[in-house]
Amino acid sequence: MARIRFQSVTKRYANGATAVAGLDLDIADQEFLVLLGPSGCGKSTTLNMIAGLEEISEGVLLFDDQIVNNVPAHKRDVAMVFQSYALYPHMTVFENIAFGLRMRRVGEADLRMRVMQAADKLEITHLLERRPSQLSGGQRQRVALGRAMVREPAVFLMDEPLSNLDASLRISMRAQIRHLHTQMRSTFVYVTHDQAEALTLADRIVVMKDGTIQQIGTPDEIYESPTNVFVASFLGSPTINLLEGALERENGAACFKRGTLTIPLPALQGGARNIVLGLRPEDVGTPGDGPQLHGVVDTAMPSGADQFLGVLVDDAMLFLRVGKDVRVRAGEAISFGLNPERLHVFDRETGRSLRGAA
Amino acid sequence: MAIRAVSHDERSAFGLLAGLVAVLMAVTAFPILYSLWISLFAVNLRRPLRMPFVGLDNYIAVLSSPAFWESAGRTALFSAMAVAAVLVIATLVAVLLDQEFPGRRVLSACLLIPWAIPSVANGLMWKWIYDANYGALNGLLLQLGFINSAMIWLGDANRTLPLIANAFIWKEVPLAAILLLVTLKSIPSDLYAAAAVDGAPAFRRFVAITLPALRPGFLLVALYEAMMAIRHFDLFFLLTEGGPGGASDVVAWRIYVETFRNLSFGTGAAMSYILALATLLMSYALIRSMAEKL
């Protein structure tokens with residue numbers, strides 16, 4: 001069991017590049033934390049620092065209340081699943097899974113039992129005598145999970161473990177990993193660049209960019225109340241629509257202005273300024289009492305359960321998700337109802353959200 | 001069956017290759033076949049016109065001579081020492097050069113110098129180093145106080161083979177180290193990270209990951225070095241001429257003596273063929289075991 005704390009941790013490489021800058025992060029015991037961000041954002045470096053595979057240049061890393069900055073990887077109670085799986089090529093599956101236990105001098109009978117149990121859970125018992133080169137990608141992935149599982153570590157680290165699998169397998173493995181977390185009762189730290197994976201798996205998500213934390217929160221918080229434009233556009237598929245315009249006040253009430261477009265934004269404080277309005281594709285409804293959006297359909301793309309429309313509003317192209325029952329053709333006019341509560345408003349200069357909480 | 005016409009391109013290709021093939025036949029295939037031919041005759045340059053066919057008598061004479069088997073034993077001992085030492089030292093050098101440290105590139109380049117030195121120059125250099133009167137080895141050991149008086153290094157029958165092997169190893173280690181280094185570089189760094197996280201300290205990581213990954217490299221180096229050592233002649237010729245008292249009389253040296261000093265070309269050729277055959281069998285066995293384990 002372990003609580004992990006970063007206190008102003010910085011990682012600088014020999015060539016002067018800073019991978020992580022002034023990181024403050026408190027990971028609760030048994031939490032499932034996902035580090036999310038584009039490549040080069042410092043998420044893997046952060047994970048490697050927990051594992052002890054990268055030295056910490058500045059700051060303090062604590063497991064529970066122990067400073068572990070100088071504890072080498074092999075002395076930390078940590079297991080890790082690598083993106084490449086990193087299975088030992090000349091060992092059988094059994095020996096791969098048993099390796100960590102052998103290093104910790106677990107007795108042969110106990111070792112055998114634990115390996116068999118893990119293999120059983122992962123349904124790889126029939127593969128135990130094979131070599132990694134004889135396995136498919138999905139099977140290798142399971143072996144890598146098994147190797148980490150048998151250790152029953154205090155901290156379980158995963159570095160993009162699903163990114164080399166095909167789409168359908170990836171979805172089913174997500175469920176398995178979530179299940180593993182509830183069984184193992186260890187602290188999980190999971191690195192990914194896939195926002196859908198992060199939203200499915202995490203108790204909390206840490207969104208990172210350029211070595212700094214952009215936002216920490218539950219998947220709902222991150223998705224519903226992004227603190228800046230980067231977070232808003234990194235999560236969600238298709239991505240959020242962003243409209244640049246101005247915040248103006250008419251008779252004391254705030255509204256968004258862009259060309260012919262005017263959208264009232266009640267409850268928004270602050271004076272006039274340039275803003276960016278964020279509209280999630282799914283946040284449109286049938287025209288009702290509230291504010292409305294009028295546009296011309298440019299493209300209609302059915303996608304199974306629902307359909308995506310490219311709609312030209314003013315001079316901006318918006319991607320919107322509507323039900324299948326909405327029957328429109330390209331070139332037709334269309335109107336939507338908007339819920340002002342669900343509109344995201346960002347300062348155009350700083351990119352920060354202008355909503356109260358943030 | 002229709003006979004396909006030879007195209008113009010093919011004809012010019014034959015033409016262009018013919019010269020090369022002719023040269024190769026003259027300098028490679030002809031001597032090989034000619035030596036096989038004369039190994040079946042009693043050829044003695046002191047009586048060049050009398051050259052009776054003796055069948056396999058030359059081979060029988062060689063194989064039934066106790067002196068030949070003593071030479072074969074020395075060849076095996078020399079090869080075993082040389083190959084084992086080259087493997088161990090080359091592994092250490094390769095692991096060292098696989099680390100990141102300032103001056104690694106310069107050191108890698110310097111490492112190749114012994115390999116680039118011609119064999120005879122290497123032999124003469126070691127002849128000087130081992131020299132009893134003004135050799136560097138005596139100088140060094142005397143100054144460090146390890147010995148009290150100059151030693152006649154190559155005059156000691158017990159030391160001759162190891163000392164010659166040492167000169168051989170010095171020249172052979174660079175290539176072996178480079179071959180092993182290439183194998184080392186191909187090991188994914190994730191494997192070391194995984195083993196570290198799994199709780200393996202540095203030495204266990206070396207045993208569990210580096211050594212098994214190096215096995216193909218070891219087999220390749222062992223094969224190549226064994227072939228070089230079994231047939232090695234230059235150092236024996238330059239340093240000891242088989243002495244003292246036959247202590248360094250290996251098969252390769254014996255072939256030279258038989259052929260060019262005794263002028264008995266028939267038995268010399270037969271001995272060459274026996275050595276070639278033995279090398280071939282050893283290589284075949286090694287390659288077989290390599291193929292099984294890869």
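As the structure is a computational prediction, the values presented were derived from the model and not from experiment.

Attention now goes to the overall build of chain B. Looking only at helices and strands, chain B has 13 helices and 0 strands in total. Reading chain B from its N terminus to its C terminus gives the helix and strand order α-α-α-α-α-α-α-α-α-α-α-α-α. When its C-alpha atoms are laid out on the principal axes, chain B stretches across 75 × 75 × 35 Å. Counting over 294 residues, chain B shows a buried share of 28%. Long-range pairs, those at least 24 residues apart, make up 69% of the contacts in chain B with a sequence separation of at least 6.

Further remarks concern the overall build of chain A. Counting its secondary structure elements, chain A contains 8 helices and 20 strands. Considered along the principal axes of its C-alpha atoms, chain A spans approximately 80 × 45 × 35 Å. For chain A, buried positions account for 39% of its 358 residues. Of the contacts made within chain A by residues no fewer than 6 positions apart, 65% connect residues no fewer than 24 positions apart.

Our focus in this paragraph is the sheet that holds strand β20 (residues 344-347) of chain A. Residues and elements named next belong to chain A. Read across the sheet, 5 strands follow the order β13-β12-β11-β14-β20 without closing on themselves; strand pairing throughout is antiparallel. Among the strands making up the open sheet, the edge pair consists of β13 (261-264) and β20. Within this sheet the neighbouring strands show an average axis-to-axis angle of 40°, counted without direction. Looking at chain direction, strand β12 (residues 253-258) and β13 are connected through 4 bridges and run antiparallel. Bridge pairing links K257 to T262 in β13.

Our focus in this paragraph is the interface of chain A and chain B. Taken residue by residue, the interface counts 16 residues in chain A and 15 residues in chain B. Secondary structure elements with two or more residues in the side of chain A that touches chain B: β6 (78-81) and α2 (93-103) of chain A. In terms of residue class, the side of chain A that touches chain B is made up of 11 nonpolar, 4 polar and 1 charged.

Turning to unusual backbone geometry, a few remarks are in order. All names here are of chain A. Following S237, the chain continues to P238 via a peptide bond in cis, the omega torsion being -5°. Here P238 shows up in the loop between α8 (229-234) and β11 (241-250). Phi at E123 takes a positive value of approximately 55°, unusual for a residue other than glycine. Here E123 is to be found in the loop between α3 (108-122) and α4 (137-149). A tally of 11 C-beta atoms within 10 Å means that E123 is categorised as exposed. Within the chain, R185 stands out as a residue other than glycine whose phi angle is a positive 55°. Relative to the assigned elements, R185 resides in the loop between α5 (167-184) and β8 (187-192). We classify R185 as exposed; it has 11 C-beta atoms within 10 Å.

Right, let's get into the packing of α3 of chain A against α4 of chain A. All names here are of chain A. α4 packs onto α3 with a crossing angle of 140° between their chain directions and a minimal axis gap of 9 Å. One finds that α3 runs oblique with respect to α4. In this structure, α3 meets α4 at a crossing whose hand is right-handed. In this structure, α3 contributes A118, A119 and L122 to the contact, and α4 contributes R142, L145, G146 and M149.

Our focus in this paragraph is the pairing of strand β4 (residues 58-63) of chain A. Inspection of the sheet shows strand β1 (residues 4-12) of chain A paired to β4 of chain A by 5 bridges, in the antiparallel sense. From the neighbouring strand, T10 of chain A faces β4 of chain A, where its bridge partner is E58 of chain A.

Time to look at the nonpolar core. Considering soluble globular proteins, one finds that nonpolar side chains tend to be buried as a cluster. Formed by 108 residues in total, the largest nonpolar core has its most connected members in M80, L157 and V189 of chain A. Residue contributions to this core peak at 7 residues, all from helix α9 (residues 189-197) of chain B. If you count residues domain by domain, this core takes at least three from each of domain 1 (4-227) and domain 2 (234-347) of chain A. Once residues lying within four places of it in the same chain are set aside, the contact partners of M80 of chain A are A51, A148, L157 and D159 of chain A together with A194 and V197 of chain B. Counting 41 residues, the second largest nonpolar core, distinct from the first, contains L163, I164, A177 and W253 of chain B.

Residue and element names in this part refer to chain A. Domains assigned within chain A are domain 1 (4-227) and domain 2 (234-347). Each partner contributes to the interface: domain 1 provides 7 residues, whereas domain 2 provides 5 residues. Residue contributions to the side of domain 1 that touches domain 2 peak at 3 residues, all from helix α6 (residues 195-201). Classifying every residue of the side of domain 1 that touches domain 2 by side-chain character gives 6 nonpolar, 1 polar and no charged.

With 18 residues, α5 of chain A ought to run about 26 Å at 1.5 Å a step, and its terminal C-alpha atoms sit 26 Å apart, in line with that. A positive backbone phi angle near 55° is found at R185 of chain A, which sits one or two residues after α5 of chain A.

To continue, consider the packing of helix α3 (residues 66-97) of chain B against helix α8 (residues 157-185) of chain B. All names here are of chain B. Contact pair α3 / α8: the axes reach a minimum separation of 6 Å and the direction vectors enclose 40°. Considering the angle they form, α3 stands oblique to α8. Seen along the crossing, α3 lies across α8 with a hand that is right-handed. For the contact of α3 with α8, the residue count by class is 23 nonpolar, 1 polar and 2 charged.

Our next topic: the confidence of the model for chain B. Looking at chain B as a whole, its pLDDT mean stands at 88, while 98% of the residues score no less than 70. At the low end of the mean pLDDT range in chain B sits helix α7 (residues 136-144) of chain B, at 85; at the high end sits α3 of chain B, at 93.

Next up on the list: α9 of chain B. When you tally the buried positions in α9 of chain B, you get 7 out of 9 residues, the bulk of the element. Every buried residue belonging to α9 of chain B is among L191, Y192, A193, A194, A195, A196 and V197 of chain B, and all of these are buried. Contact partners of the buried residues in α9 of chain B: α1 (43-51) and β6 of chain A together with α10 (202-230) of chain B. After α9 of chain B finishes, the residue G199 of chain B shows a positive phi value of roughly 105°.

So, on to the environment of L343 of chain A. Residue and element names in this part refer to chain A. Mapped onto the elements of the fold, L343 is located in the loop between β19 (333-338) and β20. Separated by 233 residues in the primary sequence, L343 and D110 place their C-alpha atoms 57 Å from one another. When near neighbours in sequence (up to four residues on either side) are disregarded, L343 contacts L265, L277, G278, L279 and L338.

Next up on the list: the sheet that holds strand β15 (residues 284-285) of chain A. Residue and element names in this part refer to chain A. Taken in spatial order, the 5 strands of this open sheet run β15-β19-β16-β17-β18, and their pairing is antiparallel. Of all the strands in the sheet, the pair left with one neighbour each is β15 and β18 (316-323). For strand β16 (residues 292-303) and β19, the ladder comprises 5 bridges, and the chain directions are antiparallel. Looking at the pairing, G295 lines up with I334 of β19.

Here is what the cut-offs are and how they apply
Residues numbered from 1 in each chain as written. Chains lettered and ligands numbered in written order. Predicted model: local features only at pLDDT ≥ 70, side-chain atom pairs only at ≥ 80, totals over all residues. Helix = DSSP H or I, 4+ residues; strand = E, 2+ residues; numbered from the N terminus. Buried ≥ 20, exposed ≤ 12 C-beta atoms within 10 Å, placed from the backbone. Contact = placed C-beta atoms within 7 Å. Pairing = 2+ DSSP bridges. Axes fitted to C-alpha atoms, helices over the stretch in contact; angles between N-to-C directions. Nonpolar A, V, L, I, M, F, W, Y, C, P; charged D, E, K, R; others polar. Parallel < 35°, antiparallel > 145°, perpendicular 65-115°, else oblique. Left-handed = near helix turned anticlockwise from the far one by under 90°. Core = buried A, V, L, I, M, F, W, Y, C linked by C-beta atoms within 7 Å. Domains from an automatic or database assignment. Expected span 1.5 Å × (residues − 1). pLDDT = per-residue confidence, 0-100.

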